[in-house]
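Each chain is listed here by its residues.
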Protein chains: 2
Amino acid sequence: MAYNIPSLENLIDKFASLPGIGRKTAARLAYWILALDKKDAEDFARAITDAHEKVHQCPVCHNLTDAGKCSICSDPGRDQSVICVVESPRDVNAIEKTREYKGLYHVIHGLISPMDGIGPEQLYIKDLVVRAANDQTKEIIMATNPTVEGESTAIYISRLIKPLGVKVTRLAYGMPVGGNLEYADEVTLYRALEGRSEL
Amino acid sequence: MAYNIPSLENLIDKFASLPGIGRKTAARLAYWILALDKKDAEDFARAITDAHEKVHQCPVCHNLTDAGKCSICSDPGRDQSVICVVESPRDVNAIEKTREYKGLYHVIHGLISPMDGIGPEQLYIKDLVVRAANDQTKEIIMATNPTVEGESTAIYISRLIKPLGVKVTRLAYGMPVGGNLEYADEVTLYRALEGRSEL
């Protein structure tokens, strides 16, 4: 490499290993780190080890937490009868931001994807079924992404849970708010038509 | 914040403080760190402190190095009579990649920019003049970026150095190789016409 400085090369390699960061951006970030005060650089490094040490999965819903149970599972004010199933903790955050949903979550940490060698047994589906079988549970909302993998995972899980007599629902498809008919793809537009409601 | 996990918030803040990284990307990177093995997360953190500790400026040219003098200044095979002046260590790397330049460098670490409160005294210009005054030095190549600040910094430095009887040159302006006349701005095209050479 042109830099000839192993510790700098190594830092660039680390940044370049992050998702969506190419080598040029990685170099820019590494130079930025070098220009920090000693204390700020150490704080940055400590933030990584700190978060990695403290944050773990909630034993109930597999959302991230630094406590025993996550803040949602341990909140008695949440509606215990509804469980929203999502792919990742970031999706929990996205739904929480709507401030509309008051139920619980279950994070399965991935989607079924035979192409990538990910089957149902690699995901947290088994203990979702156990939670669904609990008498409290009235509804499971499948909120996986509207992609092929998200769709087939939702269908797979609904087939496991429906026999337990629990209602299984799916997020609505349709036009994104603020979207433009002209730029919508046909499948979305078809789904928006199909799901039309009376005014 | 919606995450409710201070150590995770802190890590997201750190990533978001990097140049060009917004909060959504920062969150994605932080989750990626959490998903690493313990060893990989520690290696990442150590890469930051390590690079920050080991890498410093070359006392001669202010390029980055982990040794006493940088690898270019301490290479007797380089042409000691030419010094190429650049804004940042990344520019050294860009020019080295051409494999055409065999002289030395001088990194001034910034550009004169009164709008940002950066004057010549904040840049490594004084010791460039000292180097230029050395009998060995025959030519100074101004390779600052072709922007307003790059241009005015080049002119400022050339006015300091020319009286010493040293040749001061500037990178050529013109069409980028592989570029398209249609998309070139007028100033570039004008400069390309002005700098035309015989075939």
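Refer to the structure printed above.
These notes cover the structure that comes with them. (Residues numbered from 1 in each chain as written. Chains lettered and ligands numbered in written order. Predicted model: local features only at pLDDT ≥ 70, side-chain atom pairs only at ≥ 80, totals over all residues. Heavy atoms only, no water.)

## Quick notes on the nonpolar core
Note on soluble globular proteins: their nonpolar side chains tend to be buried together. The criterion, for reference: Take the buried residues of types Ala, Val, Leu, Ile, Met, Phe, Trp, Tyr and Cys, join any two whose side-chain atoms come within 4.5 Å, and each joined set is a nonpolar core. Type-normalised accessible area, obtained with a 1.4 Å probe on protein chains alone, sets the label of each residue: buried when under 20%, exposed when over 50%, and partly exposed for intermediate values. In this text, helices come from DSSP runs of H or I with a minimum length of four residues, and strands from runs of E with a minimum of two, each type numbered from the N-terminal end.
Counting residues in each nonpolar core, the largest one holds 46 residues, and the members touching the most others are Leu8(A), Phe15(A), Ile48(A), Leu8(B), Phe15(B) and Ile48(B). Listing elements by their share of this core, those giving two or more residues are helix H1 (6-16), helix H2 (23-34) and helix H3 (38-54) of chain A together with helix H1 (6-16), helix H2 (23-34) and helix H3 (38-54) of chain B.

## Description of H1(A)
Just so we agree on the cut-off: Residues count as neighbours in contact if any of their non-hydrogen atoms are within 4.5 Å of one another.
All buried positions along H1(A) are accounted for by Ser7(A), Leu8(A), Glu9(A), Leu11(A), Ile12(A), Lys14(A) and Phe15(A). Here the buried face of H1(A) lies against H2 of chain A together with H1, H3 and strand E2 (64-65) of chain B.

## Some details on the sheet that holds strand E4 (residues 104-107) of chain A
All names here are of chain A. The condition is simple: Only strands that DSSP links by at least two bridges are regarded as paired with each other. Lines fitted to C-alpha atoms define the axes, with helix axes restricted to the stretch in contact, and inter-axis angles between N-to-C directions lie between 0 and 180 degrees.
One open sheet holds the 4 strands; their spatial order is E4-E3-E5-E6, and the pairing between them is parallel. In this open sheet, the two strands that pair with only one neighbour each are E4 and strand E6 (167-170). Recorded for the sheet is a direction-independent mean angle of 25° between the axes of neighbouring strands. For strand E3 (residues 82-86) and E4, the ladder comprises 4 bridges, and the chain directions are parallel. The residue of E4 that forms the bridge with Val85 is His106.

## Thoughts on the pairing of strand E4 (residues 104-107) of chain B
To keep things clear, this is the line we draw: If you view a crossover with the strands going away from you and the path from the first strand over the helix to the second runs clockwise, you call it right-handed.
Judged by which residues are buried, E4(B) turns out to be covered on both faces: Leu104(B) and His106(B) on one side and Tyr105(B) and Val107(B) on the other are all buried. Read from strand E3 (residues 82-86) of chain B through helix H4 (residues 89-97) of chain B to E4(B), the crossover connection turns out right-handed.

## Looking at the relation of the copies chain B and chain A
We count it as follows: Residues reaching a pLDDT of at least 70 in both copies supply the C-alpha atoms on which the copies are superposed by least squares.
Its rotation angle being 180°, the transformation that places chain B on chain A also includes 0.1 Å of axial translation and leaves an RMSD of 0.1 Å. Seen this way, the second copy is the image of the first under a two-fold rotation axis. Ranked by how close their C-alpha atoms come to the rotation axis, the residues of chain B are headed by Ala45(B), at 2.1 Å. The share of interface residues of chain B whose copies in chain A are also at the interface is 100%, consistent with both copies meeting through the same surface.

## Structural notes on the pattern of salt bridges
All names here are of chain A. Stated precisely, the cut-off is as follows: We define a salt bridge as a side-chain nitrogen of Lys or Arg found within 4 Å of a carboxyl oxygen belonging to Asp or Glu.
Tallied over the full model, the rule gives 14 salt bridges over all chains. Between Arg46 and Asp43 there is a salt bridge; the shortest N-O distance is 3.3 Å. Taken together, the residues Arg46 and Asp43, both in helix H3 and 3 residues apart, mark about one turn of the helix. The residue Arg170 makes a salt bridge to Glu151 at a minimum N-O spacing of 2.9 Å. With Arg170 in strand E6 and Glu151 in helix H6 (residues 148-161), this residue pair connects regions lying 19 residues apart in the sequence. Residues joined by salt bridges that share partners form a network here, namely Lys39, Asp43 and Arg46.

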